[in-house]
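Analysis of the macromolecular model
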Amino acid sequence: MNWHAFPISVQIAFLVMGGLLVISSLFSITLAKLHPDRDYRELRLRIKTWWWIVAVFALAVLFNKTISVIVFGFISFLAFKEYLSLIPTRRADHRVLFWAYLAIPVQYYWVWQAWYGTFIIFIPVYMLLLLPMRMVLIGETQGFLRAIGTLHWGLMITVFSLSHMAYLLVLPAANNPAGGVVGLLIYLVFLTEINDVSQYIWGKTLGKRKIIPKVSPGKTVAGFLGGVATTTILAAAVAPHLTPLSVYEALGAGLLIGLSGFIGDVTISALKRDLGVKDSGSILPGHGGILDRLDSLTYTAPLFFHYIYFLHY
Amino acid sequence: MLRHLFYLIIVKPLVLVILGVNARGREFLPEQGPAIIVANHNSHLDALALMSLFPLRTIKNVYPVAAADYFLKNRWLKWFALDVIGIIPIERKATAGKDVLAPLFAALDNNAILILFPEGTRGEPESMGKLKNGIGHILSERPDIPVIPVFFYGLGKSLPKGEIVLVPFFIDAFIGAPLLWSGNRKTFMTELTDKLAQLQSNAQKLS
């Protein structure tokens with residue numbers, strides 16, 4: 001890593017992340033000191049896990065392409081494993097699942113090579129055709145459609161969608177003088193998280209009318225609108241420092257991330273509700289599973305990627 | 001030494017990274033022997049996953065009890081089972097005039113922590129077969145030894161009986177409070193069966 005080789009905006013972004021972590025840690029420690037009678041373990045755990053998430057993110061973007069691809073591949077692996085551990089799978093498909101896992105290193109190899117043509121069709125076309133063939137060779141037809149449908153959807157969401165984050169890092173840096181290699185990814189992740197947080201805050205303060213009560217009873221119209229507006233404004237404010245987007249393009253990017261982040265969130269909520277679980281897993285103490293944290297990104301990553309790819313690459 | 005390296009370099013990373021165990025009730029695991037861990041048996045990975053829950057300094061004192069007819073059937077497997085995994089072999093069929101449990105008593109008297117699969121063999125995934133009485137025999141002779149029940153969920157999916165390809169899944173481990181000898185073999189076996197059934201129902205509530 002050569003810290004000074006990063007654009008000043010990227011350096012600032014990491015200092016801000018570090019600062020936010022320090023502030024939230026101090027805040028939670030103070031809270032616990034002021035109210036010794038109350039239980040802040042959950043909050044402390046949550047913040048501690050945030051430190052880990054930011055550390056892994058820094059590892060993923062600050063060193064070199066190989067490390068980035070390995071870290072993002074591993075994140076996809078954890079997400080896919082969490083998904084398969086949640087859904088009902090057929091015992092007969094044991095080896096099919098193994099082949100599905102092998103798609104992860106292959107997909108991230110295309111990313112590492114920056115081979116766009118194969119990256120974009122490998123899972124949607126080739127895995128779509130390969131996995132049912134492998135199932136048919138085993139010959140269990142009872143529950144076939146459900147098994148192949150659930151398996152491929154999971155692969156698309158946890159591997160194909162999320163691998164777009166890594167592909168942002170292999171786009172030609174020359175097209176993005178302001179943000180360099182990592183600017184776009186920081187922009188995407190920052191706005192997606194801001195969107196989650198601001199939808200929550202707007203919803204808590206002003207929210208009344210529920211927006212999608214059957215899937216996610218906590219979500220309100222005010223939270224949704226306030227969140228999207230906040231994300232859109234911030235997107236325009238930050239864009240000149242991290243991306244090649246013009247002001248109008250950045251407003252569009254913010255709107256896209258705000259709307260699709262919400263949809264990603266409620267889509268994973270629908271999955272959990274269908275399966276009757278509260279959290280998708282328990283790998284992130286205080287947060288739940290890895291899909292609970294990545295839910296919005298499963299939508300924002302590919303959509304933002306193609307938006308910027310169309311406009312500037 | 002070999003055993004130490006095996007757990008440090010292969011088992012712990014494999015269980016942590018490829019699988020990933022979410023253990024509830026870890027505080028009930030004994031720090032020193034003598035003690036007996038009793039678990040459901042769905043996969044060859046059961047014993048290794050259980051061992052990996054212990055810190056490395058304790059592992060050297062933990063021994064899975066395994067069938068001699070299976071694990072000692074050839075030279076290489078025997079070497080691997082005894083010197084690398086560190087099993088205590090036991091005869092599944094009783095022979096006249098020979099106490100099949102003698103090696104277990106010897107180990108317990110040496111303050112070992114034993115891992116026992118009282119179903120006797122790997123059963124259907126995530127279920128519990130009928131328990132064998134061996135554990136009752138041991139406890140009637142060594143009534144002070146605590147028995148810690150553990151129910152594993154997910155290993156039967158990762159590497160079921162008859163499969164050689166390991167498929168990654170997150171695993172849930174439910175560890176119960178230690179059971180103490182009730183003074184009667186039959187009531188103790190019933191208590192143990194109930195306790196494992198209760199841990200199993202916790203697992204099913206989650207899935």
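The rules behind the values
- By convention here, each chain's residues receive numbers from 1 onward along its written sequence.
- Whichever chain is written first becomes A and whichever ligand is written first becomes 1, with later ones labelled in order.
- Note on the predicted model: pLDDT of at least 70 is required for a residue's local features to be given, and 80 or more for side-chain atom pairs to be given and counted; whole-chain, interface and lining totals, by contrast, use all residues.
- Only hydrogens and water are removed before side-chain values are computed, so all heavy atoms of the structure are retained for them.
- Helix and strand definitions here come from DSSP, where helices need a minimum of 4 consecutive H or I residues and strands a minimum of 2 consecutive E residues; each element is numbered from the N-terminal end.
- Computation of the radius of gyration draws on C-alpha atoms, with the globule rule given as 2.2 Å multiplied by the number of residues to the power 0.38.
- For the exposure calls, accessible area comes from a 1.4 Å probe over protein chains only, and a residue counts as buried if that area is under 20% of its type's maximum, exposed if over 50%, partly exposed in between.
- The contact definition used throughout considers only heavy atoms, calling two residues in contact when any of these lie within 4.5 Å.
- Residue burial considers only the protein chains on display, and all accessible areas are found by Shrake-Rupley using a 1.4 Å probe.
- Positive charges are assigned to Lys and Arg, negative charges to Asp and Glu, while His and the chain termini are left out of the count.
- Each charge is placed at NZ for Lys, CZ for Arg, CG for Asp and CD for Glu.
- Patch membership requires over 30% relative accessible area and the absence of a salt bridge. Like charges are linked within 9 Å, and nonpolar side chains (Val, Leu, Ile, Met, Phe, Trp, Tyr) within 5 Å.
- Throughout this description, the term salt bridge denotes a Lys or Arg side-chain nitrogen within 4 Å of a carboxyl oxygen of Asp or Glu.
- The buried area of a pairing is the accessible area, by a 1.4 Å probe, that goes missing from both parts when the two are put together, added over both.
- Any pair of nitrogen or oxygen atoms within 3.5 Å is treated as a polar contact; in protein, a donor-acceptor pairing is required on top of that, and neighbouring residues in sequence qualify only through side-chain atoms on both sides.
- When residues are sorted by character, Ala, Val, Leu, Ile, Met, Phe, Trp, Tyr, Cys and Pro go into the nonpolar class, Asp, Glu, Lys and Arg into the charged class, and all the rest, Gly among them, into the polar class.
- Two strands are counted as paired when DSSP detects at least two bridges linking them.
- Note on geometry: axes are C-alpha line fits, over the in-contact stretch for helices, and angles between N-to-C directions span 0 to 180 degrees.
- Any Phe, Tyr or Trp ring, taking Trp's six-membered ring, that has another such ring centre within 6.5 Å forms a pair; planes under 30 degrees apart are called stacked, those over 60 apart edge-to-face, and the others tilted.
- Here, over-ring charges are defined by two tests on the NZ atom of lysine or the CZ atom of arginine: distance to the ring centre within 6 Å, and angle to the ring normal within 35 degrees.

With that settled, consider the overall build of chain B. Along its length, chain B carries nine helices and seven strands. Over its C-alpha atoms chain B spans a radius of gyration of 16 Å, differing by no more than 12% from the 17 Å that the globule rule assigns to 207 residues. Expressed along its principal axes, the backbone C-alpha trace of chain B runs to roughly 45 × 40 × 30 Å. Each of the 207 residues in chain B was classed as buried or not, and the buried ones make up 51%. Across chain B, the fraction of contacts at a sequence separation of at least 24, relative to all contacts at a separation of at least 6, is 74%. A total of about 9,900 Å² of accessible surface is found on chain B, and carbon and sulfur atoms cover 58% of it. The average position of the 22 basic charges and that of the 17 acidic charges among the side chains of chain B differ by 3 Å.

Time to look at a nonpolar patch on the surface. All names here are of chain A. Taken together, Trp99, Leu102, Leu130, Met133 and Leu137 make up a surface patch of nonpolar side chains, about 470 Å² in accessible area. Going through the elements one at a time, helix H4 (94–113) and helix H5 (116–138) are the ones with two or more residues in the nonpolar patch. The element best represented in the nonpolar patch is H5, accounting for three residues. Inspection of the secondary structure puts Leu137 in helix H5.

For the rest of this paragraph, the subject is the interface of chain B and chain A. In this assembly, 21 residues from chain B lie in contact with 18 residues from chain A. Taking both partners together, chain B and chain A bury about 1,500 Å²; carbon and sulfur atoms supply 60% of that area. Across the chain B-chain A interface, the total number found is one salt bridge. Between A:Arg95 and B:Glu163 there is a salt bridge; the shortest N-O distance is 3.1 Å. Viewed at the interface, chain A and chain B are joined by nine residue pairs in polar contact (both at pLDDT 80 or more). If you list the elements that add at least two residues to the side of chain B that touches chain A, you get helix H1 (2–19) and helix H8 (155–158) of chain B. Of the residues forming the side of chain B that touches chain A, the biggest block, three residues, is contributed by H1(B). For the side of chain B that touches chain A, the class distribution of residues is 14 nonpolar, three polar and four charged.

Residue and element names in this part refer to chain B. Along the chain, Gln32 turns up in the loop between strand E1 (21–24) and strand E2 (35–39). On the accessibility criterion, Gln32 (62% relative accessible area) is exposed. Taking the C-alpha atoms as reference, Gln32 lies 7.3 Å from Asn111; in sequence the two are 79 residues apart.

Turning next to the sheet that holds E1(B). All names here are of chain B. Reading across the sheet, the seven strands line up as E1-E7-E6-E2-E5-E3-E4 and stay open at both edges, with mixed pairing between neighbours. The sheet is open, and its two borders are formed by E1 and strand E4 (88–90), each paired with just one other strand. The sheet shows a mean angle of 25 degrees between the axes of neighbouring strands, taken without regard to direction. Bridge count between E1 and strand E7 (residues 171–175): four bridges; the pairing is parallel. Opposite Asn22, over in E7, you have Asp172 as the bridge partner. Sheet strands in contact with helix H2 (residues 45–52) are E2, strand E3 (62–67), strand E5 (113–116) and strand E6 (147–153), and its direction is about 115 degrees off that of E6. Packed onto the sheet, helix H6 (residues 102–109) meets E2, E3, E4 and E5 and runs at close to 155 degrees relative to E4.

Residue and element names in this part refer to chain A. Enumeration according to the criterion identifies 25 aromatic pairs over all chains in this entry. Consider the rings of Trp3 and Phe6, whose centres lie 6.4 Å apart with planes at 65 degrees: the pair is edge-to-face. Measuring from ring centre to ring centre gives 5.4 Å for Trp110 and Trp115, while their planes differ by 85 degrees; the resulting arrangement is edge-to-face. With relative accessibility at 15%, the residue Trp110 sits in the buried group. Given the relative accessible area of 44%, Trp115 is considered partly exposed. Each residue in the set Tyr116, Phe119, Phe160, Tyr167, Phe305 and Tyr309 is aromatic and connected to the rest through ring pairs, giving one cluster. Positioned over the ring face of Trp112 is Lys65, at 4.8 Å from the centre of the ring.

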